[in-house]
Amino acid sequence: MTLEALLAEHAELEAKLADPSVHADQAGARKLGKRYAELTPIVRTARELEQVKADLEAAKELAAEDPAFADEVTELTARVPQLEERLTELLLPRDPHDSADVVMEIKSGEGGEESALFAGDLLRMYLRYAERHGWKAEVLDGTDSELGGFKDVTVAIKSKSDSPDGVWSRLKYEGGVHRVQRVPVTESQGRIHTSAAGVLVFPETEDVEIEIDENDLRVDVFRSSGKGGQSVNTTDSAVRITHLPTGIVVSCQNERSQLQNKARAMQVLQARLQALAEEKAQQEASDSRRAQIRTVDRSERVRTYNFPESRISDHRVGYKAHNLDQVLDGDLDAVLDALAAADRAERLAGG
């Protein structure tokens, strides 16, 4: 869309949101509000650029008569390309899921029990990151390991606001294989081992286009279990759903009733199928967008966490920092900013 069309759309949305009758449909009003919030930075920057250009012309005329205005001309001249660059970035096509909440799966891989412990470390890292941003995180399901780690765990992370830059806009870069280098608790000789865990991230979209045929599902119920596999529920309230055509399996055991667990598991299944459909479409269109790694192989790593050197390295953008403790405590913004900047530069270059 052209800038003029976006400005007109913003004005139209502003008028609609001012109409009390629109808010009778809360879901519809929220959708309009999200789009309005998405367009507002574009409109604000375009108006500021227009004003700066007008001020620059006025300052040039005044400077021709009074040299005292020369500094103002210099200042305004420098601001024009800055605002133009900012507007160009804002006009880049957005990821349609940027405002979405996410479902994240963390799976242990090579490294046995040490990998499961690392998967638990990653889970805590993302939970702390969500806490720092005021997001709501909910562990939906998990398979514990003997030493307190996770063989696999699924967590839903939701924003409490309607910001156009939601959970997906930050955590979409986390998909892939994460590698750890440290001395495992099971290592008696003090040798450094390398193991890996896989992270999968899916946007939980509101307007899911996937239709699921009930005949394609196998639904199993079982008793919820806690640490060590002990039963924590006397009824079969946990639910496992298998999508037969794709083999995708999702489960949920943390809600209070079987009905609630099934509803939550269906939401996760829809997110998984939506992501699968989009990935297939991208492949068929020879889209160059990076795909998340589906195998937990140490050779296909996206990030390394080196404990002896307290170093975190993201291999996609060459990011390195020696603040591993802070990162594992949820201080992820610096590495995510580097990934977002690289993505933005690639899109600006037309890559």
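Every value quoted in this text rests on a predicted model; they were computed, and no experiment measured them. (Residues numbered from 1 in each chain as written. Predicted model: local features only at pLDDT ≥ 70, side-chain atom pairs only at ≥ 80, totals over all residues. Heavy atoms only, no water.)

1. Digging into the overall build of the chain
A count of helices and strands for the chain gives 8 helices and 11 strands. Taking all 351 residues of the chain together, the buried fraction comes to 40%. A separation threshold of at least 6 residues defines the contact pool for the chain, and within that pool the share at least 24 residues apart is 62%. Of the roughly 18800 Å² that the chain leaves accessible, carbon and sulfur atoms contribute 48%. (Helix = DSSP H or I, 4+ residues; strand = E, 2+ residues; numbered from the N terminus. Buried < 20%, exposed > 50% of the residue type's maximum accessible area, 1.4 Å probe, protein only. Contact = heavy atoms within 4.5 Å. Areas by Shrake-Rupley, 256 points an atom, 1.4 Å probe, with all protein chains shown as cover.)

2. Notes on the sheet that holds strand 7 (residues 238–243)
The strands making up a sheet associate through hydrogen bonds between their backbones, and the pairing can be parallel or antiparallel. A sheet is described by the order of its strands in space; here 3 strands give the open sequence 6-7-8, paired in antiparallel fashion. Among the strands making up the open sheet, the edge pair consists of strand 6 (217–222) and strand 8 (248–252). When the angles between neighbouring strand axes are averaged without regard to direction, this sheet yields 15 degrees. When strand 7 meets strand 8, the two strands line up antiparallel, connected through 5 bridges. Along strand 8, the bridge assignment pairs R240 with S251. (Pairing = 2+ DSSP bridges. Axes fitted to C-alpha atoms, helices over the stretch in contact; angles between N-to-C directions.)

3. Regarding the confidence of the model for the chain
Model confidence for the chain is summarised by a mean pLDDT of 86, while 89% of its residues fall at 70 or above. Averaged pLDDT values for the elements of the chain fall to 83 in helix 6 (residues 258–284) and rise to 97 in helix 7 (residues 324–328). The low-confidence segment residues 228–232 (pLDDT under 50) makes 9 contacts with residues lying over four places distant or belonging to another chain. (pLDDT = per-residue confidence, 0-100.)

4. Some details on the sheet that holds strand 9 (residues 301–306)
Overall, mixed pairing links the 8 strands, which are arranged 2-3-1-5-4-9-10-11 in an open sheet. Strands at the two margins of the open sheet, each flanked by one partner only, are strand 2 (136–144) and strand 11 (319–321). With strand direction ignored, the average angle separating the axes of adjacent strands in the sheet is 15 degrees. Two strands pair when backbone bridges link them, and strand 9 and strand 10 (residues 311–314) are joined in this way by 4 bridges, in the antiparallel orientation. If you follow N306 over to strand 10, its bridge partner there is R311.

5. Overview of the nonpolar core
Soluble globular proteins tend to pack their nonpolar side chains together in the buried interior. I106, L122, Y126, L171 and Y305 are the most contacted members of the largest nonpolar core, which has 37 residues in total. Those elements that place two or more of their residues in this core are strand 1 (101–108), helix 4 (113–132), strand 3 (150–158), helix 5 (167–171), strand 5 (193–204), strand 11, helix 7 and helix 8 (333–348). The biggest single contributor to this core is helix 4, with 8 residues. Contacts of Y126, omitting those with residues within four sequence positions, involve M104, I106, L171, E174, H178, V199 and L332. Counting 15 residues, the second-largest nonpolar core is a separate cluster that includes L39, I42, A46 and A59. (Core = buried A, V, L, I, M, F, W, Y, C linked by side-chain atoms within 4.5 Å.)

6. Section: unusual backbone geometry
Despite not being glycine, S310 shows a phi value in the positive range, around 50 degrees. Within the fold, S310 resides in the loop between strand 9 and strand 10. Judged by its relative accessible area of 25%, S310 falls in the partly exposed class.

7. Examining a negative patch on the surface
Taken together, D55, D71, E72 and E75 make up a surface patch of like negative charges. Residue contributions to the negative patch peak at 3 residues, all from helix 3 (residues 70–90). Within the secondary structure, D71 is located in helix 3. (Patch = residues over 30% accessible without salt bridge, like charges linked within 9 Å, V, L, I, M, F, W, Y side chains within 5 Å. Salt bridge = Lys/Arg side-chain N within 4 Å of Asp/Glu carboxyl O. Lys, Arg positive; Asp, Glu negative; His and termini not counted. Charge placed at Lys NZ, Arg CZ, Asp CG, Glu CD.)

8. Considering the environment of V219
Structurally, the position occupied by V219 is in strand 6. Judged by its relative accessible area of 36%, V219 falls in the partly exposed class. For V219 and H243, which are 24 residues apart along the polypeptide, the C-alpha to C-alpha distance reads 9.0 Å. Setting aside chain neighbours within four positions, we find V219 in contact with V239, R240, I241 and K262.

9. Description of the packing of helix 1 (residues 3–17) against helix 2 (residues 26–65)
Close contact between helix 1 and helix 2 brings their axes to 9 Å; oriented N to C, the two are set at 135 degrees. Between helix 1 and helix 2, the interaxial angle falls into the category oblique. Judged by the twist between their axes, the crossing of helix 1 over helix 2 is left-handed. In this structure, helix 1 contributes L3, L6, L7, E9, H10, L13, E14, K16 and L17 to the contact, and helix 2 contributes A29, L32, G33, R35, Y36, L39, T40, I42, V43 and A46. (Parallel < 35°, antiparallel > 145°, perpendicular 65-115°, else oblique. Left-handed = near helix turned anticlockwise from the far one by under 90°.)

10. A word on the side chain of S145
Inspection of the secondary structure assignment puts S145 in the loop between strand 2 and strand 3. A polar contact is formed between the side chain of S145 and the side chain of E113, at a distance of 2.6 Å. Non-local contacts of S145, meaning those with residues more than four positions away in its chain, are made with E113, A116, F150 and K151. (Polar contact = N/O pair within 3.5 Å; in protein donor to acceptor, adjacent residues only side chain to side chain.)

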